[in-house]
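Coordinate analysis (summary)
Okay, here's what each chain looks like letter by letter:
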Amino acid sequence: MQDLRWPTYASREITLEAATPDGEGGAMHLVDTEGKVYLDAVTGVGCAPLGHAHPLWVEAIHHQLQRLTTAANTFFTGPQQRLAARLAALFPIDDARTFFCNSGAEATEAAIKLVLKATGRDTIIAFDRAFHGRTLGAVALTANAHYREPYLRCTGEAGPERFAEFRVLRLPFGDLDAVRAAFAAHPERIAAVFIEPVQGEGGIYPATRDFLVGLRELTRERGALLGLDEVQAGCGRTGDWSSWTTLVGDAPELRPDLIWLAKALGGGMPIGACIATAEIAKSMGSGTHGTTFGGNPLACAAALATLRIMEEEGLLARARQQTPLLHRIAAEEPIARVKEIRGVGAMIGVQIGEPAEQAAAPLARRLMVEHRTLVTICGGHTVRLLLPYRAGEPELRAIWSALRAVLSVPAA
Ligand SMILES: Cc1ncc(COP(=O)(O)O)c(C=O)c1O
């Protein structure tokens, strides 16, 4: 089939058509235009935590479609109010206030504006391997040079003498001394530290508890903010609503200042959210930021249904089991070419080559074409599994066997 899109995505041989119901909850398999069925460990890059077309999720959207789908953000809407209240109850942010948008990158943009405005400072610390999105502000925080360098002129990383709306200071992930030194060198400039508690696109690297707690303490000491990009790791994927809770715990004195979400939040409908303390959110007065579609009633109803179904079906507990399950399967049937399995809950990376090798792409293609298992790669060297939360031993065993087959048999 001719690709009529911009050539921005590596083209795939597969044209997906629909989900195939599994008889329980959301579908874990997809069918292509030729009728071939695939196990889906991509889920729209983490956007279908319930699986696809969960009947209760579809019903909630259908219900909302018949009531109200759009309203200007100058009005309150019931679904948006209810969702803001839900997020305030579920996420570890004090006296939470939420800005709704449509995607992860937009949530990052909201976070950038908020911390710059709330502190009056101009610098954000981001880390090696970080991924925060592709809009200009978000891509400035993203580490991958391939994504970022064509736009340096516009993003200001080169320094304040360039077109700098804000500066990004990039530091090694996990290196608290480097963060301490940066604060000492720029005492009045650092507005915030932004971190993915579990790095996703960079290769599935969870931060240690000590590093996260250290960042919390340092930012507080220095009058800066701590922002968590939970676009990929949030909303139950690590086994808790917030990956911060999984990695750090729920001590109230350690809570971050802001958390932003997208992907899993809508269960497959586009929505993003930046949740911040009332204390800092108050700096975003009327007219300082906005969006037409963000937080529309349809997307909010989808998100409310997603959170409710996760709760009713105990899906967080199931997500939590996935990484330990894969470790168990791997210990029973080791594959020599697998270097490492890293993960938290339903966010798993199987590292194949060394970081510089870019070994995972041909492998991922074979998993998809020869074994009908859809996967993405991250960090170049790692096969990433973002399964629906209810996936368990049968799906993980099927993936492991497919991996074994492609790693032991060279490509034809
Ligand atoms: C941690 C993180 N932040 C931001 C984004 C950007 O989200 P979106 O693609 O919805 O703009 C992503 C997307 O993969 C992500 O993983």
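Residues numbered from 1 in each chain as written. Predicted model: local features only at pLDDT ≥ 70, side-chain atom pairs only at ≥ 80, totals over all residues. Heavy atoms only, no water.

Splitting the chain by domain gives domain 1 (16-53 + 314-408) and domain 2 (59-312). One C-alpha centre belongs to domain 1, the other to domain 2, and the line joining them spans 26 Å. Taken residue by residue, the interface counts 29 residues in domain 1 and 30 residues in domain 2. Three residues stand out in domain 1 for area buried against domain 2, namely Leu-316, Val-344 and Met-347, and they jointly supply 30% of the buried area on that side. On inspection of domain 1 and its partner domain 2, the count reaches one salt bridge. Notably, a salt bridge pairs Glu-201 with Arg-384, separated by 2.8 Å at the nearest N-O pair. At the boundary of domain 1 with domain 2, the tally comes to 17 residue pairs in polar contact (both at pLDDT 80 or more). Looking at the side of domain 1 that touches domain 2, the elements that each hand over two or more residues are helix 1 (43-46), helix 13 (315-332), strand 13 (340-344), strand 14 (347-351) and strand 17 (382-385). Tallied by class, residues from the side of domain 1 that touches domain 2 come to 16 nonpolar, ten polar and three charged. (Domains from an automatic or database assignment. Contact = heavy atoms within 4.5 Å. Buried area = accessible area lost by both parts, 1.4 Å probe. Salt bridge = Lys/Arg side-chain N within 4 Å of Asp/Glu carboxyl O. Polar contact = N/O pair within 3.5 Å; in protein donor to acceptor, adjacent residues only side chain to side chain. Helix = DSSP H or I, 4+ residues; strand = E, 2+ residues; numbered from the N terminus. Nonpolar A, V, L, I, M, F, W, Y, C, P; charged D, E, K, R; others polar.)

As a further point, take helix 14 (residues 360-371). Spacing of three or four residues puts side chains on the same side of an α-helix, whose turn is 3.6 residues. If you check helix 14, its first and last C-alpha atoms are 15 Å apart, about what twelve residues at 1.5 Å a residue would give, namely 16 Å. Those residues of helix 14 that fall on the buried side of the exposure criterion are Ala-360, Leu-363, Ala-364, Arg-366, Leu-367 and Met-368. One or two steps after helix 14, the chain reaches Arg-372, where phi turns positive at roughly 50 degrees. (Expected span 1.5 Å × (residues − 1). Buried < 20%, exposed > 50% of the residue type's maximum accessible area, 1.4 Å probe, protein only.)

With phi around 70 degrees, Arg-129 is a residue other than glycine that occupies positive phi space. For Lys-263, which is not glycine, the phi dihedral falls at a positive 35 degrees. Relative to the helices and strands, Lys-263 resides in the loop between strand 11 (258-261) and strand 12 (272-277).

Moving on to the side chain of Thr-123. With respect to the helices, strands and loops of the structure, Thr-123 is situated in strand 5 (residues 123-127). Using a relative accessible area of 0% as the deciding quantity, one classes Thr-123 as buried. Those residues in contact with Thr-123 that lie beyond four places of it in its chain are Leu-116, Arg-167, Leu-169, Arg-189, Ile-190, Ala-191 and Ala-192.

All right, on to the environment of Lys-36 then. Structurally, Lys-36 can be placed in the loop between strand 2 (29-32) and strand 3 (37-40). Overall, Lys-36 belongs to the partly exposed group, its relative accessible area being 29%. A C-alpha to C-alpha distance of 7.9 Å links Lys-36 and Arg-372, two positions 336 residues apart in sequence. Non-local contacts of Lys-36, meaning those with residues more than four positions away in its chain, are made with Leu-30, Val-31 and Arg-372. For Lys-36, the side chain forms a polar contact with the side chain of Glu-34, separated by 3.0 Å.

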